[in-house]
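So the chains spell out like this:
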Amino acid sequence: MVEPERATGSVPSLSIGPTLAVCPQLVEVEPKLVKYTLTEQQAAMLRQIGAAPSAVPIAPKSSNTAWALEQRGLIKRNWRGSGHVAVVTSDGRYFLKHGKHPKEVQAEKERLAGDAEQAERAPTDGAELIARLQSATIWKLTVPDPGPQTRGRWRAAFYDALHHDHVPGELKLRWTGRQRGDCVFTLVDEEAERAAQPPPVPTIDVPDVLGRPHQLVRATCKALGRSKTVVDTRGTPEVIPLHVSREQADRALRIMHALLTEAESRGYQVETRTDLHRGQAEHQMVIVIRGHALPLAITEQTTKVPHEPTAQEIRQQLRNPWTRIPKYDHEFNGRLELGAPAKSWYQHSYTHRDSARWTLEYRLGHLLHDLEQRAEAAERQLREEELRKAEQRRRWYAAVAQARERQVERHREKVLVEQMEARHRAAEIRAFCRAARTRADGASAAAEELEWLQWAEAYADRIDPLCAQLVTPPDPPASREALRALFQVDLYTHPWPFDSKGRWVPHEEEVAKRPDQGDASALSVRGQGEGSFMRRW
């Protein structure tokens, strides 16, 4: 018995005979053969090339079709003169005669060769099928394109499981691929599946008559004007942007009344705004959800119809031959579309329209749901951006802290080396003075020489660091210029965290004050080598 595959990890397909495999849901089945079926255009070109006694020139516009035939091995192309010519291959003649590719026929023979052996590996009854499914992690088995006998055995096991109550009562057994293709068997917990489904989107009722219209709907009604054909309020401030036929204006206003009323009942704000874009005023109506303004406009779709020239256009073209008469007209077709206005940031993000399956009134709940999802996505993106900036700021302050620590360490190393050199120099001066005093073998030296030796000994005491108490040297200045060589990034990205005295005073978001609240403050930065720096400052 073949064990079912697991869903976790990259599990290879387990073979059942030469070609049959049981695969998990998330593991791809081995790639199948190349698609050998032809379109009508490809079949016509193949027949044309096969009927010609010699090579057939390929027109540039038919190069893609010829390339498809060549990929299937049905023709062979060569470059001759200024273009390609093609001849039919033996596989192409076989295809023309039998209607199938020889490789496809051979693959089918190979698939059916081990059908009997594969059928023996299929489950013998429904109980075995259920046992195999339950042993799989995802309760799913896939049999890639089995032969007739194998498919029949799996089909018999499926119906045996149904008719003899082998399926557990709380589960359902599903099967796809009864006649052709892959056989997929799945055990499904329908109650858990229904519970996992998202709740249905509530519908929004559109009134048949506007009794007390929304204030924006009332303002839009006043701005409709006296036009008998087209209503266009997109250039009018403080109204709903409309571009519909006069017949659809009442329906559009009722739809907007229902949508705006429902949005305000959910706690959202409905506003009109005017922005300046390229020197021109743009008027918008927006629904503000969690601080994110989402513009809306309602338009009517158009249909392209042939243009019939008027007598005036014909006369104009006769007088001016360069005058262009349009070939098509765009006429309103009665289908409304509500969503993001054209040329906005949210164009094509949330737009619903009338279709053959539903009307726009039915999609209002989905539209408001899309607006809420867009606002949540924008809020989530804003939080991610804030976290990214906070992480960049944290890294920047950590780099500043490390650069400051390296600067202080180098300064102290320099002072220590200077003290050691001064100590050696003082010892050499004292040795020199002792040698000078003993030069005369005890004889008294001249007064000028004794004075010089006394000054030299006093100078050695002044430069000797061990003649006084040792203290930590003062830190060097912590300005941007002083750290420029140690801090190889932009020094002006964030506020500088050091004051004029070199004390660490970073941005308030980066500071965690010590409990004692002394002169020093600690940097709340998680970085390598920063602990000693924070303790020292």
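Everything numeric in this text was worked out from a predicted model, so none of it was measured.

Thresholds, definitions, all that
- Residues numbered from 1 in each chain as written.
- Predicted model: local features only at pLDDT ≥ 70, side-chain atom pairs only at ≥ 80, totals over all residues.
- Heavy atoms only, no water.
- Buried < 20%, exposed > 50% of the residue type's maximum accessible area, 1.4 Å probe, protein only.
- Helix = DSSP H or I, 4+ residues; strand = E, 2+ residues; numbered from the N terminus.
- Arc of directions from axis to C-beta.
- Contact = heavy atoms within 4.5 Å.
- Expected span 1.5 Å × (residues − 1).
- Axes fitted to C-alpha atoms, helices over the stretch in contact; angles between N-to-C directions.
- Parallel < 35°, antiparallel > 145°, perpendicular 65-115°, else oblique.
- Left-handed = near helix turned anticlockwise from the far one by under 90°.
- Nonpolar A, V, L, I, M, F, W, Y, C, P; charged D, E, K, R; others polar.
- 1 Å grid on protein atoms, 1.4 Å probe; cavity = no way out; pocket = protein on both sides within 12 Å on 5 of 7 lines; lining within 4 Å.
- Points joined across faces, edges and corners; volume = space filled by probe spheres on them.
- Pairing = 2+ DSSP bridges.
- Salt bridge = Lys/Arg side-chain N within 4 Å of Asp/Glu carboxyl O.
- Polar contact = N/O pair within 3.5 Å; in protein donor to acceptor, adjacent residues only side chain to side chain.
- Patch = residues over 30% accessible without salt bridge, like charges linked within 9 Å, V, L, I, M, F, W, Y side chains within 5 Å.
- Areas by Shrake-Rupley, 256 points an atom, 1.4 Å probe, with all protein chains shown as cover.
- Core = buried A, V, L, I, M, F, W, Y, C linked by side-chain atoms within 4.5 Å.

## What to know about helix H2 (residues 63–71)
Residue pairs three or four apart in sequence face the same way in an α-helix, which turns once every 3.6 residues.
Then step 1. Turning to H2, its buried residues number three or more, namely Thr65, Ala66, Ala68 and Leu69. Summarising the axial view, the buried residues of H2 lie within an arc of 155 degrees, below the 170-degree limit, and thus occupy one face.
Then step 2. Along its buried surface, H2 packs onto helix H1 (40–51) and strand S4 (75–80).
Then step 3. At the exit of H2 stands Gly73, carrying a positive phi of roughly 75 degrees.

## Points about helix H7 (residues 148–163)
Then step 1. Helix length check: H7, at 16 residues, gives a terminal C-alpha distance of 22 Å against a target of 22 Å (1.5 Å per residue), a fit within 8%.
Then step 2. Among the residues of H7, those classed as buried are Thr150, Arg151, Trp154, Ala157, Phe158, Asp160 and Ala161.
Then step 3. Looking one or two residues past H7, Asp165 carries a phi angle of roughly 55 degrees, positive in sign.

## Let's talk about the packing of helix H9 (residues 215–222) against helix H10 (residues 246–265)
When two helices pack together, their arrangement is given by the angle between the helix axes and the distance between those axes.
Then step 1. Between H9 and H10, whose axes approach to 9 Å, the crossing angle comes to 155 degrees. Put simply, H9 runs roughly antiparallel to H10. Here H9 runs over H10; the crossing is right-handed. Residue-level inspection shows Leu216, Val217, Thr220 and Cys221 of H9 in contact with H10, the latter providing Leu253, Met256, His257 and Leu260.
Then step 2. Its residues placed into classes, the contact of H9 with H10 shows six nonpolar, two polar and no charged.

## Some thoughts on empty space enclosed by the protein
If you roll a probe as big as a water molecule over the atoms, it shows you where there is empty space left.
Then step 1. According to the stated counting rule, one finds one cavity of 30 Å³ or more in the structure shown.
Then step 2. Taken as a whole, the largest cavity encloses approximately 40 Å³ of empty space.
Then step 3. What lines the largest cavity is simply Thr233, Arg234, Thr236, Glu238, Val239, Ile240, Pro241, Thr272, Arg273, His283 and Gln284.

## Remarks on the pairing of strand S7 (residues 172–176)
Then step 1. Where burial is concerned, the two faces of S7 differ: the one with Leu173 and Trp175 is buried and the one with Lys172, Arg174 and Thr176 is not.
Then step 2. As paired strands, S7 and strand S8 (residues 183–188) are joined by five bridges and run antiparallel to one another. Each bridged residue has a counterpart across the sheet, and for Trp175 the counterpart in S8 is Phe185.
Then step 3. Connecting S7 to the next strand, S8, in antiparallel fashion are six residues, including Gly177 with a positive phi near 95 degrees.

## Things to note about the layout of surface pockets
Then step 1. Its boundaries defined by the atoms lining it, the largest pocket holds a volume of some 1,100 Å³.
Then step 2. Lining the largest pocket are 36 residues, with Gln284, Pro341, Ala342, Lys343 and Ser344 positioned closest to its centre.
Then step 3. At the level of elements, strand S11 (269–277), strand S12 (280–289), strand S13 (292–306), strand S14 (328–339) and strand S15 (351–353) are the ones that each hand at least two residues to the lining of the largest pocket.
Then step 4. In terms of residue class, the lining of the largest pocket is made up of 14 nonpolar, 13 polar and nine charged.

## Quick look at the pattern of salt bridges
Then step 1. The full count for this structure, using the stated rule, is 27 salt bridges.
Then step 2. For Arg151, the salt bridge goes to Asp145, with nearest N and O atoms at 3.5 Å.
Then step 3. We classify Arg151 as buried; its relative accessible area is 5%.
Then step 4. For Asp145, a relative accessible area of 27% translates into the label partly exposed.
Then step 5. Among the charged side chains, a salt-bridge network with shared partners connects Arg174, Glu190, Glu193 and Arg194.

## Quick word on the sheet that holds strand S3 (residues 56–57)
Then step 1. The sheet built from three strands is open, its strands ordered S3-S5-S4 with antiparallel pairing. For this open sheet the edge positions go to S3 and S4, each flanked by a neighbour on one side alone.
Then step 2. In this sheet, strand S5 (residues 83–88) lies alongside S3 in antiparallel orientation, the contact comprising two bridges. Within S5, the residue paired with Pro57 across the bridge is Val85.

## Points about the packing of H1 against H2
Then step 1. Two elements in contact, H1 and H2, have axes separated by 10 Å at closest approach and are oriented at 80 degrees. When the interaxial angle is binned, H1 and H2 end up roughly perpendicular. Of H2, the residues touching H1 (which contributes Gln41, Gln42, Met45 and Leu46) are Thr65, Ala66, Ala68 and Leu69.
Then step 2. Counted by class, the contact of H1 with H2 contains five nonpolar, three polar and no charged residues.

## A closer look at the environment of Glu337
Then step 1. On the secondary structure map, Glu337 appears in strand S14.
Then step 2. Note: C-alpha distance between Glu337 and Glu300 (37 residues apart in sequence) is 5.8 Å.
Then step 3. Leaving out residues up to four positions away in the same chain, Glu337 has contacts with Ala297, Ile298, Thr299, Gln301, Thr351, His352, Arg353 and Leu360.
Then step 4. Separated by 2.7 Å, the side chains of Glu337 and Arg353 make a polar contact.

## Side note on the sheet that holds S7
Backbone-to-backbone hydrogen bonds pair the strands of a sheet. The strands run either parallel or antiparallel.
Then step 1. In spatial order, the strands read S6-S8-S7; together these three strands make up an open sheet with antiparallel pairing. One side of each edge strand has no neighbouring strand; the edge strands of this open sheet are strand S6 (140–143) and S7. Averaged over all pairs of adjacent strands, the angle between strand axes in this sheet comes to 10 degrees, irrespective of strand direction.
Then step 2. On top of the sheet, H7 reaches S6, S7 and S8; it is set at about 160 degrees to S7, its chief contact.

## Considering a nonpolar patch on the surface
Then step 1. A cluster of nonpolar residues, Phe432, Trp452 and Trp455, forms a patch on the protein surface that exposes about 390 Å² of accessible area.
Then step 2. Tracing the sequence through the fold places Phe432 in helix H12 (residues 364–437).

## A closer look at the nonpolar core
The tendency in soluble globular proteins is for nonpolar side chains to be buried as a group.
Then step 1. Membership of the largest hydrophobic core comes to 36 residues, with the highest contact counts inside it found for Ile287 and Leu338.
Then step 2. The set of elements that each furnish at least two residues to this core consists of H9, strand S10 (242–245), H10, S12, S13, S14 and H12.
Then step 3. The dominant element in this core, judged by the number of residues it contributes, is H10, at nine residues.
Then step 4. When near neighbours in sequence (up to four residues on either side) are disregarded, Ile287 contacts Leu260, Ala263, Tyr268, Gln269, Val270, His292, Ala293, Leu294, Leu296 and Leu371.

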